[in-house]
Amino acid sequence: MHTAVQPETREVIGACPHDCPDTCSMVTTVRDGVAIKVHGNPAHPQTGGALCTKVARYPERSYHPDRILQPMRRIGPKGAGQFEPVSWDVALDDIAARLGKLAARGLQQAVLPYSYAGTMGYVQGEAMAMRFFNRLGASQLERTVCSTAGGQGLTYTLGGKVGMRVENFADARLILIWGSNAIGSNLHFWRYAQEAKRRGARLVCIDPRRTETADKCHEHIALLPGTDAPLALALMQQLITHDWLDHDYLREHTLGWEALRARALEWPPERAAVVCGIEAAQITALSRAYGETARAGQPVAIRLNYGMQRVRGAANAVRAVCCLPALVGAWRHAAGGLLLSSSGTHSSNDDLLERPDLSPNAQERLINMNTIGDDLLRPASPEFGPRIDAVVVYNCNPVAIAPDSSKVAQGFAREDLFTVVLEHFQTDTADYADYLLPATTQLEHWDIHSSYGHTDVLLNRPSIAPLGEAKPNTEIFRLLAARMGFTEPCFADDDLSLCRQTYGDSVDFEALLRDGFVHLPWPDAPFAQGGFPTPSGKCEFSSPRLADAGLDPLPDYLPNYERPAPGSRYPLAMISPPGRNALNSSFVNVQSLHPTPGPVLEIHPVDAAARGIANEALVRAFNDRGSYLCRAEVSERARPGVVVGLGIWWRKMGPGGTNVNELTSQALTDLGRAPTFYDCAVEVEPASA
Ligand SMILES: Nc1nc2c(c(=O)[nH]1)N[C@H]1C(S)=C(S)[C@@H](COP(=O)(O)OP(=O)(O)OC[C@H]3O[C@@H](n4cnc5c(=O)[nH]c(N)nc54)[C@H](O)[C@@H]3O)O[C@H]1N2
Ligand SMILES: Nc1nc2c(c(=O)[nH]1)N[C@H]1C(S)=C(S)[C@@H](COP(=O)(O)OP(=O)(O)OC[C@H]3O[C@@H](n4cnc5c(=O)[nH]c(N)nc54)[C@H](O)[C@@H]3O)O[C@H]1N2
Ligand SMILES: [Mo]
């Protein structure tokens with residue numbers, strides 16, 4: 001008698017790998033070795049059973065017909081993206097020989113790893129990769145493309161990347177969503193904000209763009225980019241003037257109040273309103289809501305996000321906003337205070353994973369990832385060190401995402417630059433590779449994750465076998481290490497061991513294996529009794545560390561580098577925040593998410609009319625750095641004077657072969673050596689002109 005073979009279906013608990021504060025627990029349904037769908041783990045409180053629209057398409061991305069599934073070697077000119085398949089042995093032998101030759105000439109620092117958070121996993125991130133580059137003695141990359149300015153702002157004020165527990169926002173009475181498009185970029189926080197709204201909380205969005213989040217808040221304050229510090233200082237001025245202050249909290253738990261008070265009094269709402277391009281009445285109303293709600297003993301909370309720290313005065317602005325909760329004693333409540341990042345609430349064993357002790361170099365050579373455009377084109381010099389002669393790119397797409405991309409592309413186009421790219425797809429950067437190596441996706445490898453928006457650790461189990469000849473990043477670096485003759489035992493650690501090493505005994509690994517997540521301890525109302533992780537233990541309005549460094553110890557307004565004025569050559573400010581259906585430059589090639597792919601520029605009807613630009617018309621946005629073509633979206637999502645180049649498309653998907661980063665600059669922020677993507681002046685014209 002025959003019994004039909006039932007297809008075997010099972011569910012595997014993993015973690016979303018993407019660069020997002022939510023870090024969801026992701027469950028993959030596998031049938032006969034094929035991942036057929038993913039869904040949010042209902043048992044994980046932060047995920048709440050729901051994934052965002054884009055990550056719900058993770059299987060479509062993993063099984064995409066364009067996945068790179070074999071090692072490839074360049075056959076055409078640099079950047080043409082023409083390759084022939086080769087075996088792993090051929091590719092790895094040649095790469096090891098090329099890197100080994102540089103090292104043998106004492107030029108190991110001519111080798112640069114270039115990576116970011118394509119996966120946020122510790123294991124497929126820097127663990128084995130940095131063991132390899134440290135042992136080689138390569139240049140160090142300053143991984144500052146995203147959050148370091150805000151991180152410095154937090155550290156100099158609160159003492160670290162610490163703040164409220166995200167779930168406590170549900171109990172707040174007033175929430176300022178500041179420099180954050182939560183519905184697009186932090187959906188699982190938005191659940192808590194909505195819960196608070198249902199319970200009667202007021203929601204205020206502070207963002208130059210009328211985002212989908214702004215649509216759903218009670219109020220939207222559309223300030224000009226880079227003017228958050230004046231707004232925060234004027235709010236303080238009003239809190240002082242009306243005495244909506246918590247004098248006990250100020251006395252016991254803050255440092256430098258008198259100095260900050262004097263600085264804030266320089267910013268009456270009328271002055272700030274002119275700088276911010278808003279009505280003074282919006283400032284007075286907001287300060288009244290913030291001050292009176294706190295005075296009534298109710299929790300007021302700020303969800304600050306990274307959108308406000310991509311301008312020159314980034315860290316100063318974050319410092320100014322970080323002062324606000326202490327003025328009104330908001331930290332006394334579990335649902336009061338502020339959250340920008342939770343990544344300082346716990347620590348991983350990074351030195352054990354990355355082994356900086358293996359480096360043979362007496363001195364490190366640092367390359368900032370935001371100035372890669374200039375640095376690839378720089379000759380050797382005593383100040384700079386050796387010319388960059390080899391770049392190994394993984395978890396990153398610099399040709400699309402780094403600022404001033406015509407320079408970046410010019411740098412990668414150097415015939416004498418040896419470029420290796422580990423990727424899922426033939427991205428803009430992959431086009432420039434000498435070797436393009438197929439990497440596994442999150443469905444195909446082990447990893448372990450923490451979060452910068454909550455306080456859980458998640459384990460990712462592979463749910464399917466690697467597709468084609470793809471290998472995990474770790475395995476590629478292990479194989480290269482063996483060919484380079486690196487014999488230290490750490491190069492034999494497998495991925496599961498690396499997962500265990502990441503948190504050591506500080507997490508219950510058996511629970512991780514069983515449930516896929518564990519909670520790390522972090523108190524409700526962490527600073528109700530002060531105890532900030534600053535040197536003074538107080539909220540440092542005035543920072544002795546900044547004073548020691550010869551810098552202004554108080555937060556202040558540093559105007560943008562590029563301030564468009566009417567009548568000037570580049571009269572429009574351009575910001576370029578992420579679109580909802582992509583993740584930086586990832587997912588732009590997933591067809592079901594982008595029925596009409598390609599870049600758009602939102603422009604206010606008044607600015608469009610002044611330039612004869614019709615909705616959906618092809619336009620050219622330009623400045624001295626370059627120009628790019630895209631479709632105009634004439635819309636009140638953009639405020640007058642500000643255009644919005646939404647999302648980071650691959651350059652090759654743009655009608656002119658460029659993307660928004662053609663226009664952004666390599667200038668760095670006040671602190672943190674971070675990029676200034678949203679500090680950018682442009683002009684726009686119909687493309688036929
Ligand atoms: N869907 C989706 N989610 C994502 C990402 C994605 O690409 N797509 N990217 C992920 C990554 S890497 C990060 S770092 C985060 C980014 O997410 P966020 O940390 O929220 O930062 P941004 O998206 O850069 O900007 C947030 C908002 O700030 C606004 N903004 C721009 N300039 C200013 C300003 O000067 N002041 C103020 N107050 N607001 C300003 C922008 O218009 C935007 O709506 O999101 C992560 N999540
Ligand atoms: N104009 C403008 N530019 C920006 C921003 C902006 O707001 N405006 N945002 C900036 C910010 S906040 C950030 S964080 C950066 C992000 O920039 P990137 O870190 O470059 O992020 P992605 O564009 O998502 O590219 C990540 C790449 O890693 C690959 N990848 C994913 N997982 C793996 C893996 O396991 N192995 C390997 N080998 N590859 C993998 C993906 O296929 C993808 O191509 O962009 C910055 N650039
Ligand atoms: Mo980011």
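On a predicted model such as this, the values are computed, not experimentally measured, just so you know.

Rules behind the numbers
- Residues numbered from 1 in each chain as written.
- Chains lettered and ligands numbered in written order.
- Predicted model: local features only at pLDDT ≥ 70, side-chain atom pairs only at ≥ 80, totals over all residues.
- Heavy atoms only, no water.
- Domains from an automatic or database assignment.
- Buried < 20%, exposed > 50% of the residue type's maximum accessible area, 1.4 Å probe, protein only.
- Helix = DSSP H or I, 4+ residues; strand = E, 2+ residues; numbered from the N terminus.
- Pairing = 2+ DSSP bridges.
- Axes fitted to C-alpha atoms, helices over the stretch in contact; angles between N-to-C directions.
- Phe/Tyr/Trp six-rings, centres within 6.5 Å; stacked < 30°, edge-to-face > 60°.
- Near = heavy atom within 4 Å.
- Polar contact = N/O pair within 3.5 Å; in protein donor to acceptor, adjacent residues only side chain to side chain.
- Areas by Shrake-Rupley, 256 points an atom, 1.4 Å probe, with all protein chains shown as cover.
- Nonpolar A, V, L, I, M, F, W, Y, C, P; charged D, E, K, R; others polar.
- Core = buried A, V, L, I, M, F, W, Y, C linked by side-chain atoms within 4.5 Å.
- Contact = heavy atoms within 4.5 Å.

Its domain assignment divides the protein into domain 1 (72-146 + 349-444 + 469-493), domain 2 (149-340) and domain 3 (572-686). Measuring from the centre of the C-alpha atoms in domain 1 to the corresponding centre in domain 2 gives 40 Å.

Strand E15 (residues 390-394) sits mainly inside the fold: five of its five residues count as buried. Judged by which residues are buried, E15 turns out to be covered on both faces: Ala390, Val392 and Tyr394 on one side and Val391 and Val393 on the other are all buried. Pairing of strand E6 (residues 111-115) with E15 involves five bridges; the strand directions are parallel. Bridging across to E15, Ser115 finds its partner in Tyr394. Where E15 lies against strand E16 (residues 418-423), five bridges are found, and the strand directions are parallel. Along E16, the bridge assignment pairs Val391 with Thr419.

For the rest of this paragraph, the subject is the sheet that holds strand E19 (residues 456-460). Read from one edge to the other, the open sheet built from three strands follows the order E18-E19-E20, with strand pairing classed as antiparallel. Across the chains shown, the open sheet's two edge strands, defined by having one partner strand only, are strand E18 (447-449) and strand E20 (517-519). Looking at each pair of strands side by side, their axes are set apart by 15 degrees on average, direction ignored. Pairing of E18 with E19, which is carried by three bridges, proceeds in the antiparallel orientation. Its bridge partner lying in E19, Asp447 is registered against Asn460.

Before going further, it helps to examine the packing of aromatic side chains. Under the definition given, this model contains 19 aromatic pairs. With a centroid separation of 5.2 Å and an interplanar angle of 85 degrees, the aromatic rings of Phe132 and Phe133 are classed as edge-to-face. An identical accessibility class is assigned to Phe132 and Phe133; each is buried. An angle of 70 degrees between the planes, with centres 5.3 Å apart, marks the rings of Tyr394 and Phe477 as edge-to-face. Of this pair, Tyr394 sits in strand E15 while Phe477 sits in helix H18 (residues 473-484), and the two are 83 residues apart along the sequence. Given the relative accessible area of 0%, Tyr394 is considered buried.

Turning our eyes to something else, we now look at the sheet that holds strand E9 (residues 202-206). Spatially, the five strands line up as an open sheet ordered E10-E9-E8-E12-E13, and their pairing is parallel. Of all strands in the sheet, those bounded by a partner on one side alone are strand E10 (219-221) and strand E13 (337-339). With direction set aside, neighbouring strand axes in the sheet form an average angle of 20 degrees. Bridge analysis of strand E12 (residues 300-304) against E13 gives three bridges, and the strand direction is parallel. Looking across to E13, one finds that Arg303 is bridged to Leu339.

Turning next to the site of ligand 1. Around ligand 1, the structure places 34 residues, and the nearest of them are Asp207, Asp228, Ala582, Asn584 and Tyr678. The separation between a nitrogen atom of ligand 1 and a polar main-chain atom of Arg580 is 3.0 Å. Here an oxygen atom of ligand 1 and a side-chain polar atom of Tyr678 are 2.6 Å apart. When ligand 1 sits alone it has 900 Å² of accessible area, and the protein chains cover 98% of it. Per-class residue counts for the shell around ligand 1 are 16 nonpolar, eleven polar and seven charged. When residues of the shell around ligand 1 are assigned to domains, at least three map to each of domain 2 (149-340) and domain 3 (572-686).

With that settled, consider the nonpolar core. One finds Trp178, Tyr290, Leu324 and Leu327 to be the most contacted residues of the largest nonpolar core, which totals 85 residues. Those residues within four positions of Trp178 in sequence are excluded, and the remaining contacts are Ile206, Asp228, Leu231, Ala232, Leu235, Ile302, Arg303, Leu304, Asn305, Met308, Val321 and Leu324. Among the nonpolar cores identified, the runner-up in size contains 51 residues, and Val86, Leu92, Phe509 and Leu513 belong to it.

A few words now on the site of ligand 2. Taken together, 31 residues form the shell around ligand 2, and within it Arg61, Glu423, Ser585, Ser586 and Asn661 come nearest. In this structure, Glu423 approaches ligand 2 through a side-chain N or O atom, which is 2.5 Å from an oxygen atom. The protein chains hide 97% of the 930 Å² of surface that ligand 2 would expose on its own. Of the residues assigned to the shell around ligand 2, the class counts are 13 nonpolar, 14 polar and four charged. Shared between two domains, the shell around ligand 2 takes at least three residues from each, and those domains are domain 1 (72-146 + 349-444 + 469-493) and domain 3 (572-686).

Relative to strand E25 (residues 626-634), strand E23 (residues 600-603) runs parallel, the two being bridged by four bridges. Considered in E25, the bridge of Leu601 is made with Ala632. Count of turn residues in the strand E24 (residues 618-623)/E25 antiparallel hairpin: two residues.

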